[in-house]
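Tertiary structure, described
Residues per chain are reported as follows:
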Amino acid sequence: MANEQLILEVKEKVIKAVNLVDLNPEDIDAQAPIFGEGLGLDSIDALEFILLLERDYGIKLKNPAEGKQIFKSIATMADYIEKNRTK
Amino acid sequence: MIVKLADNIISPLGVGTRENYEAVKAGRSALRSYPATDLLPTGYFASLIDDSVLEPLYASLGLGQESGYTVFEKRCIACAAAAIREAGIDPSSDRAIFIISTTKANVELLDGHADVGSGEKASADAESKVSADSLPGCHHSVGAGCADRARPDALPDRRTPASAALQVSRYFGNPNTSLVVSNACISGLAAQIEAMRLLDAGTYDYAIVIGADVVGRFVISGFQSLKALSTEQCRPFDAARCGLNLGEAAACIVYASSRIFPFQDTSEEGHEPFSAGRDSGKLWTSCSGAVCNDANHISGPSRTGEGSYRALVKTLGLEYRPWQPGTETGQDSPASAQAPADLSSASASLASPASAQAPAPPAAASAETSANPAAQPLLDDIAFVNVHGTSTLYNDEMESFALTRAGLQNTPVNTLKGYFGHTLGAAGVLETILSMAAVEDGTVLGTRGFENNGVSNPLKISPSHGKIEDGRHSFVKLLSGFGGCNAAMLFRLESMSPASTSCVTAEGVERNTLKTSNLCKIDAAKCSIDFQENADNHAVALHANLSRLHSVEITVDGVVLDGNKLQTEGAGAALLENIYRRYVGDWPKFFKMDPLARLGFLASELLLKAEANEQRGEGNMLLPISGQGLASSPAAAGAQHDCRLRETDPRAVILFNSSGSLADDLNYQKGIDGPDHLGSPSLFVYTLPNIVTGEIAIRNKYYSETSFYCIPQPDEALMEKIVSQSIPSGQSAIAGWCECSGENDFYAKMFILVS
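A quick note: this is a predicted structure, and the numbers were derived from the prediction, not measured.

Time to look at the overall build of chain A. What chain A contains, in helices and strands, is four helices and zero strands. The principal-axis extent of the C-alpha atoms belonging to chain A is close to 30 × 25 × 20 Å. When each of the 87 residues of chain A is scored for burial, the buried share is 46%. Residue pairs at least 24 apart in sequence account for 59% of intrachain contacts in chain A once pairs closer than 6 positions are excluded. As displayed, chain A has an accessible area near 4,400 Å², and 49% of this comes from carbon and sulfur atoms. The positive charge centre, built from 11 side chains, and the negative charge centre, built from 16, are 9 Å apart in chain A.

Below is the structure:
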């Protein structure tokens, strides 16, 4: 389980990456699904997250399909970043 | 009806239609692997033009290194020059119009590095780089014509598509405002459809349609960010397909209006037209085509092929049948609304694999197709359908639905992407020309890269060339693109007897007659006089008058709706957000849009609210969606939607500007010039200006035409002419000028127009 600070950081980056202008980090449940009903995101947003991983954490996904598991929730994303980050 | 006079292709497979067709016939492809570079950290597979090979050709046309023309302009001019020569028309006539199909025109001017592709490209582009002035009001007088050809006129910002197109038409001394059709990947067909409208209406007698795009770092990195590129040779419709290959080409078709078709014998001038077929008494014609949006997602096609199917229905005169899924409801599965398929994509697997959530195939469709009896003779004449077939998971799947719904699952289908890659703005023109050559050759070209069926609705598709069934002389061309747009067009090889011939239309009526006996070697001006006298009713019908029902003007510091100044706060980007919060409030996607899409979207929303107010008899004062002037809840805002058009009412969205998506282009370029050389995928999608038309279609479920044109200035007469020719009598459009040169620098003047 990633630490609270990283979870907060990921929430902030997600909000910025996909322009969730009316949302604050505390409005997002770290365990809740990001896609589908959750935040109303779609596949282009998923691509923005891939970019975010690469640019901010130096993680290059070999297979974009991995994203499906990684981007399940803020918590899974933070966990993945913690384990794989190179910067 | 339009008649093809001549055509030409420049591609990595050769120069000239004959050379390209023969290369394809021999099974050759120029697709190859390009290694990673500092600026493009990931390698890619593409088919790119080496301009150094074309230098002698360029030099012979006064387009040499010192000429100041960009790579894009050179390719357009060089390609068109040969086609115009073969057609034997005078390109400087005011009866001729240049229509340029491109998605990114001179985008390479933004790239200071420009090291992708040939080295020549970089230096030529750097030379012609221009500083960022404000957007142009161009003078487009003929100027010195041929004498001064060697140097492009000092047009304002060459980075704008409108300026790039003027460069091309001015080279040929053409006095008219050239049109840029910027409708993402369907541009090549949309441009030919626009040519048909302008010629049918008698606005012009000749149209020079040019399709081209330069594939450099901007475009490659963009498609990489979308995870849309295959790392190997693309495999359209194959079970193992995993993305597209980009390609470069320039292609040109010269069309004449059927009324003034000049039966010139070009042989005496020493030309030997390969594909025009004039010597054989056969001519390529078209009298039917359509553009339809699928109102689904800006980068993901409808799962049921809705827009492409509707374009086929309109083009072929089929009877429209709503999607009747076994277990689904609505036209698109709920799954696709939440996690839309990415048109492009390997990334589609992020959402869901095609096989898992695709709607059930229309299995019954084979038994009960949507053919209507009047359309049957026309269907029986179709030799093949040349589809878009990009080799992305979702595009090919979508097309299999559209074709099956249209009853074309037993008609041979092919795609040429395995030979040329996806040539973007050139694709529609290039693939049309080669399909014409194939029909003349009695051949259904094979789909290179295809082995095993990988779509839900198997099509009649083969990797090897086949023979066209005897007696078939037509083909259908399909394209689909970002912004949800789809296009279909029907072409027919007519036997031209000296007396007359006819074109069977979708309605099964004789729409036009070629009176070849009246045709002679006359100049374009004289032709136009003859034509005016003999104009038939059909042309007049297309020239219906437009009425303006509502108007909106948005400047950086305020809004005027139907003549009344709206209460707003702020200026620039803040103004747009204020308009959204005050008057719209229930479409959070607004915040994901780029400034151009925000501007066009808000203008359309205000127009629709004014229309709804009028329908409710509430006068023309638009009130904020809550007493406080800010959206209290989406539900409150949504209540105003009750008076919108019903989903079934056709309404087109046709917008214009000069700069295309230049503001976004600059932003995207900034990203790839950054330390990581990474571009934002969503921003890249918005570097197609027609996305704004898609946003409006999605919001309102408009399944009609969506089009985007670039012209130098907000010429209302020209815009209204184009719109009036685009919509049938009795139908309406949201249309007008929508220009954005930065987050805080924009101007829109849009209307609801009814024909």
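The discussion continues.
All names here are of chain B. As enumerated under the stated definition, the model contains 20 aromatic pairs over all chains in all. Ring centres of phenylalanine 384 and phenylalanine 475 lie 5.6 Å apart, and the angle between their planes is 20 degrees; on these two criteria the pair is classed as stacked. Within this pair, whereas phenylalanine 384 is found in strand β11 (residues 382–386), its partner phenylalanine 475 is found in strand β16 (residues 474–481), the two being separated by 91 residues in sequence. We note that phenylalanine 384, like phenylalanine 475, is buried. An aromatic cluster of three or more residues is present, and its members are Tyr69, Phe98, Tyr171 and Phe172. Geometry around tyrosine 703 places arginine 310 over its ring, the cationic atom sitting 4.1 Å from the centre. Over the ring of phenylalanine 590 we find arginine 598; its NZ or CZ atom is 4.8 Å from the centre of that ring.

We now examine the interface of chain B and chain A. Counting from both sides, the interface comprises 29 residues of chain B and, opposite them, 26 residues of chain A. Interface area, chain B with chain A, both sides summed: about 2,200 Å², of which 59% is carbon and sulfur. Inspection of the chain B/chain A interface yields three salt bridges. Measuring nitrogen to oxygen at the nearest pair gives 3.8 Å for the salt bridge that ties aspartate 676 of chain B to lysine 87 of chain A. Viewed at the interface, chain A and chain B are joined by six residue pairs in polar contact (both at pLDDT 80 or more). Looking at the side of chain B that touches chain A, the elements that each hand over two or more residues are α10 (348–351) and α22 (681–686) of chain B. Take the side of chain B that touches chain A: its biggest share by element is four residues, from α22 of chain B. Of the residues belonging to the side of chain B that touches chain A, the class tally is 13 nonpolar, 11 polar and five charged.

Two side chains carrying opposite charge are able to pair once their charged atoms lie near each other. Residue and element names in this part refer to chain B. A full pass over the atoms with the stated rule returns 37 salt bridges over all chains. Salt-bridge contacts for lysine 25 lead to aspartate 441; the nearest nitrogen and oxygen are separated by 2.8 Å. Within this pair, whereas lysine 25 is found in helix α1 (residues 17–25), its partner aspartate 441 is found in the loop between α15 (427–440) and β13 (443–444), the two being separated by 416 residues in sequence. Arginine 548 serves as the salt-bridge partner of glutamate 716, at 2.7 Å between the closest nitrogen and oxygen. Within this pair, whereas glutamate 716 is found in helix α24 (residues 716–726), its partner arginine 548 is found in strand β20 (residues 547–555), the two being separated by 168 residues in sequence. Given the relative accessible area of 28%, glutamate 716 is considered partly exposed. In this structure arginine 548 comes out as partly exposed when scored by relative accessible area, which is 41%. Several salt bridges share partner residues, and in doing so they unite Arg548, Glu716, Glu720 and Lys749 into one network.

Time to look at the nonpolar core. Residues and elements named next belong to chain B. By size, the foremost hydrophobic cluster in this structure holds 211 residues, and its most contacted members are Ile99, Ile208, Ile554 and Leu606. For this core, the element with the highest residue contribution is helix α3 (residues 71–87), accounting for 11 residues. Isoleucine 208 has contacts with Ala80, Ile84, Ile89, Ala96, Ile97, Phe98, Ile99, Cys252, Ile253 and Val254, leaving out every residue within four places of it along the chain. In this structure, Phe237, Leu318, Val413 and Leu490 belong to the second largest nonpolar core, which totals 27 residues.

Right, let's talk about the packing of α1 of chain B against α15 of chain B for a bit. Residue and element names in this part refer to chain B. Between α1 and α15, the shortest axis-to-axis distance is 10 Å and the interhelical angle comes to 70 degrees. Between α1 and α15, the angle falls in the class roughly perpendicular. Of the residues in α15, those in contact with Thr17, Asn20 and Tyr21 of α1 are Ile433, Leu434, Ala437 and Ala438. Across the contact of α1 with α15, the residue classes tally to five nonpolar, two polar and no charged.

Cut-offs used in this document
Residues numbered from 1 in each chain as written. Chains lettered and ligands numbered in written order. Predicted model: local features only at pLDDT ≥ 70, side-chain atom pairs only at ≥ 80, totals over all residues. Heavy atoms only, no water. Helix = DSSP H or I, 4+ residues; strand = E, 2+ residues; numbered from the N terminus. Buried < 20%, exposed > 50% of the residue type's maximum accessible area, 1.4 Å probe, protein only. Contact = heavy atoms within 4.5 Å. Areas by Shrake-Rupley, 256 points an atom, 1.4 Å probe, with all protein chains shown as cover. Lys, Arg positive; Asp, Glu negative; His and termini not counted. Charge placed at Lys NZ, Arg CZ, Asp CG, Glu CD. Phe/Tyr/Trp six-rings, centres within 6.5 Å; stacked < 30°, edge-to-face > 60°. Lys NZ or Arg CZ within 6 Å of the ring centre and 35° of its normal. Buried area = accessible area lost by both parts, 1.4 Å probe. Salt bridge = Lys/Arg side-chain N within 4 Å of Asp/Glu carboxyl O. Polar contact = N/O pair within 3.5 Å; in protein donor to acceptor, adjacent residues only side chain to side chain. Nonpolar A, V, L, I, M, F, W, Y, C, P; charged D, E, K, R; others polar. Core = buried A, V, L, I, M, F, W, Y, C linked by side-chain atoms within 4.5 Å. Axes fitted to C-alpha atoms, helices over the stretch in contact; angles between N-to-C directions. Parallel < 35°, antiparallel > 145°, perpendicular 65-115°, else oblique.

The values reported here are purely geometric and, on their own, carry no functional implication.
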